[in-house]
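Remarks on the overall topology
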Amino acid sequence: QVQLVESGGGLVQPGGSLRLSCAASGSIFTFNTMGWYRQAPGKERELVADITSGGSTNYADSVKGRFTISRDNANNTTYLQMNSLKPEDTAVYYCNAQRSGRWYAFDYWGQGTQVTVSS
């Protein structure tokens, strides 16, 4: 029932910015962690950034200082502000949401949105 809908991907020139949004529908609960992963051709899917319901964040070293993750807990939405984009940021970006309790844990994924950084 949970569905993650992503938006904001596209083509941007090096040095430009994009803002990705991911809205979770079908859930009445706050996700413990929401985040963004990306997968470039020939590479493994990697964590870009995530954020807990309490606001703690983690970033991949490659994006620190350039990307900012945020969330709106009331609406179960997460955002990824991407600045100073580089060609190596080109990848399919996937939204991820995790819900867990003492005896359960669930992972949900968006369909992926293409981000292409090129002149």
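A short tour of the structure in this document, coming up. Each chain has its residues counted from 1, running along the sequence as written. Only residues with pLDDT of 70 or above have their local features reported here, since the model is predicted, and side-chain atom pairs are shown and tallied only from 80 upward, although totals for entire chains, interfaces and linings are computed over all residues. Think of the side-chain values as coming from all heavy atoms in the structure, minus any hydrogens and water.

Disulfide assignment relies on a single distance test, namely cysteine sulfur atoms paired within 2.5 Å. Per the counting criterion, the structure on display carries one disulfide. Note that Cys22 is cross-linked by a disulfide to Cys95, the S-S spacing being 2.0 Å. Torsion about the S-S bond of the Cys22 and Cys95 cystine: about -85 degrees, corresponding to left-handed handedness. Residue Cys22 is found in strand E3 (residues 18-25), and its partner Cys95 is found in strand E9 (residues 91-100); the two are separated by 73 residues along the sequence. Think of it in three bands: residues with accessible area under 20% of the maximum for their type are buried, residues over 50% are exposed, and the middle band is partly exposed, with areas taken using a 1.4 Å probe on protein chains only. Given the relative accessible area of 0%, Cys22 is considered buried. Put simply, DSSP H or I for four residues or longer makes a helix, DSSP E for two residues or longer makes a strand, and each gets a number counted from the N terminus.

Basic side-chain nitrogens of Lys or Arg form a salt bridge, by our definition, when they fall within 4 Å of a carboxyl oxygen of Asp or Glu. Within the structure shown, the criterion is met by four salt bridges. The residue Asp61 makes a salt bridge to Lys64 at a minimum N-O spacing of 3.0 Å. As a salt-bridge pair, Arg66 and Asp89 come within 2.7 Å of each other at their nearest N and O atoms. Of this pair, Arg66 sits in the loop between strand E6 (57-59) and strand E7 (67-72) while Asp89 is found in the loop between strand E8 (77-82) and E9, placing the two residues 23 residues apart along the sequence.

With that settled, the discussion passes to the nonpolar core. Trp36, Val48, Phe67, Leu80, Met82 and Tyr93 are the most contacted members of the largest nonpolar core, which has 26 residues in total. In what follows, a contact means two residues having at least one pair of non-hydrogen atoms within 4.5 Å. In contact with Leu80, other than residues within four places in its own chain, are Leu18, Arg19, Leu20, Trp36, Val48, Ala49, Phe67, Thr68, Ile69 and Tyr93. Note on terminology: a nonpolar core comprises buried Ala, Val, Leu, Ile, Met, Phe, Trp, Tyr and Cys residues joined through side-chain atoms within 4.5 Å.

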